[in-house]
Structure formats: structure tokens, C-alpha cells
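Structural features, examined
The chain contents come next:
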Amino acid sequence: MHSKPIQTLIDFFLKFPGVGPRQAARFVFYLLREDKERIRALAEAMAKLHEEVKLCAQCFKTFDANHNQSGGRLCEFCRNPRRNAHQVLVAEKEVDLENIERARKYDGTYHVLGGTISPLDASAPTRLHVKELFERIRKLASSGQDTEMILATNPTPEGEATAMYLERVFAPLKNQHASLT
């Protein structure tokens, strides 16, 4: 029904989470009405995305590589010496961190899992940053200082399944100066 270039772009937008066929078509027709300079700026921003945005090597939060003064592989939270490194809040997605930071009550560090575990998907744990979290907590707990891991999963079936999975994975560390909240 649509011309090939329009349908190609609609199909691309359909891959975005939560975007259906009608919304994808609205995006494409919106872009057709925009001036060429704005479209070029959008295309340039998208092309630079992987160059300018990096994942923190410790917590898997994204950060602007161009504004990382130290030039390291850590985000602003993991680099901050005033943050409590022995308190790790585990979130499903990076967007969950915004509300926590806005409250200005938490001074620990974070760990972004990158999703949740669906009770019907046995391969889900392999796609999450659980191994890295386990090594991080194990290393912190082995220092002899009390370490606290706070689970901040959503109260959905997937969030509950993720929390239960993490409790089982971290059970061996509970007696090594590590607590799970």
C-alpha cells in the first residue's frame, strides 16, 4: 500500500518496543513533513550514537564518552568517590535510575541488569548482566566490609521472577558480609 521507502522505514520503527503499525506510520509521515536539515541532524545523531555513548564497565549504565573527563570506562556514579561502593542498587533498566536520583536520598552505586526474567523464557538470565553483578558483589563482600545489594525490580510477574532468581543466585554470598534487600 505504501511506497517501498515509506514501508521500509515503517518496518524499521515497528522494531521499537511498544510501537505498533499505526504509530510507526505516523512517525514516517511526520518525518516526511520535516525539513531536510532536521532530518539530516536526526540521521547524524543516530549515526554517532554508538561512538558517543558507552556502557559503564562496572554497572552497565550508559554515559557520554565525549564528556567523560577521566577518559575511563566508568560512568559518573561509579567514578564518584563520594558514592558508597559497598551499596549496590540493582535495577531492571537504566530509566529506573532517574527517579531514584531525582529523590536525592540514595548515595550508593547501581547495577543495570538490562531487562527482566520472564517465567516462560528459560534463556532470559543469559541476556542479563547477572554474572557481572555476582562477580562485583563477591569481590566487594570478600573485602571484609559489609556489602548491601538492594533489589529494585518492578512488582510485575517478570520483576518478581527476576528478584527470586537473584535471591537464589546470591544465596551463597549471604554469609560473606553481603546482605540482600
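Every chain begins its residue count from 1, and numbering advances along the sequence as written. Reporting in this predicted model follows two pLDDT cut-offs: at least 70 for local features of residues, and 80 or more for side-chain atom pairs to be given and counted; totals over whole chains, interfaces and linings ignore these cut-offs and use all residues. Here the side-chain values reflect all heavy atoms present in the structure, with hydrogen atoms and water set aside.

A few words on the packing of aromatic side chains. Two rings belonging to Phe, Tyr or Trp (six-membered ring only in the last case) form a pair when the distance between their centres is within 6.5 Å. Interplanar angles under 30 degrees mark stacking, angles over 60 mark edge-to-face geometry, and anything in between is tilted. For the structure shown, the criterion picks out seven aromatic pairs. Seen in terms of ring centroids, Phe12 and Phe13 are 6.3 Å apart; in terms of plane orientation they differ by 70 degrees. Their pairing is edge-to-face. Throughout this description, buried means an accessible area under 20% of the type-specific maximum (1.4 Å probe, protein chains only), exposed means over 50%, and partly exposed covers the range between. With a relative accessible area of 41%, Phe12 lands in the partly exposed category. Taking the relative accessible area as the measure of exposure, Phe13 reaches 13% and is therefore buried. Aromatic rings pair up to connect Phe12, Phe13, Phe16 and Phe27 into one cluster.

Take the pattern of salt bridges next. In what follows, salt bridge is the name for a side-chain nitrogen of Lys or Arg lying within 4 Å of a carboxyl oxygen of Asp or Glu. The full count for this structure, using the stated rule, is eight salt bridges. Arg40 is paired through a salt bridge with Glu37; the nearest N and O atoms lie 2.5 Å apart. A residue pair is termed a helical-turn pair when its members lie 3 or 4 positions apart in one helix, as Arg40 and Glu37 do in helix α3 (residues 36–52) at three residues. Among the salt bridges present, the one from Lys48 reaches Glu44, with a minimum N-O distance of 3.0 Å. Of this pair, Lys48 and Glu44 both sit in helix α3, separated by four residues, roughly a single helical turn. When salt bridges with common partners are traced through the structure, they connect Lys61, Glu76 and Glu94 into a single cluster. The helix and strand labels rest on DSSP assignments: H or I over at least four residues marks a helix, E over at least two residues marks a strand, and numbering proceeds from the N terminus.

Everything listed is a geometric property; what it means functionally is a separate question.
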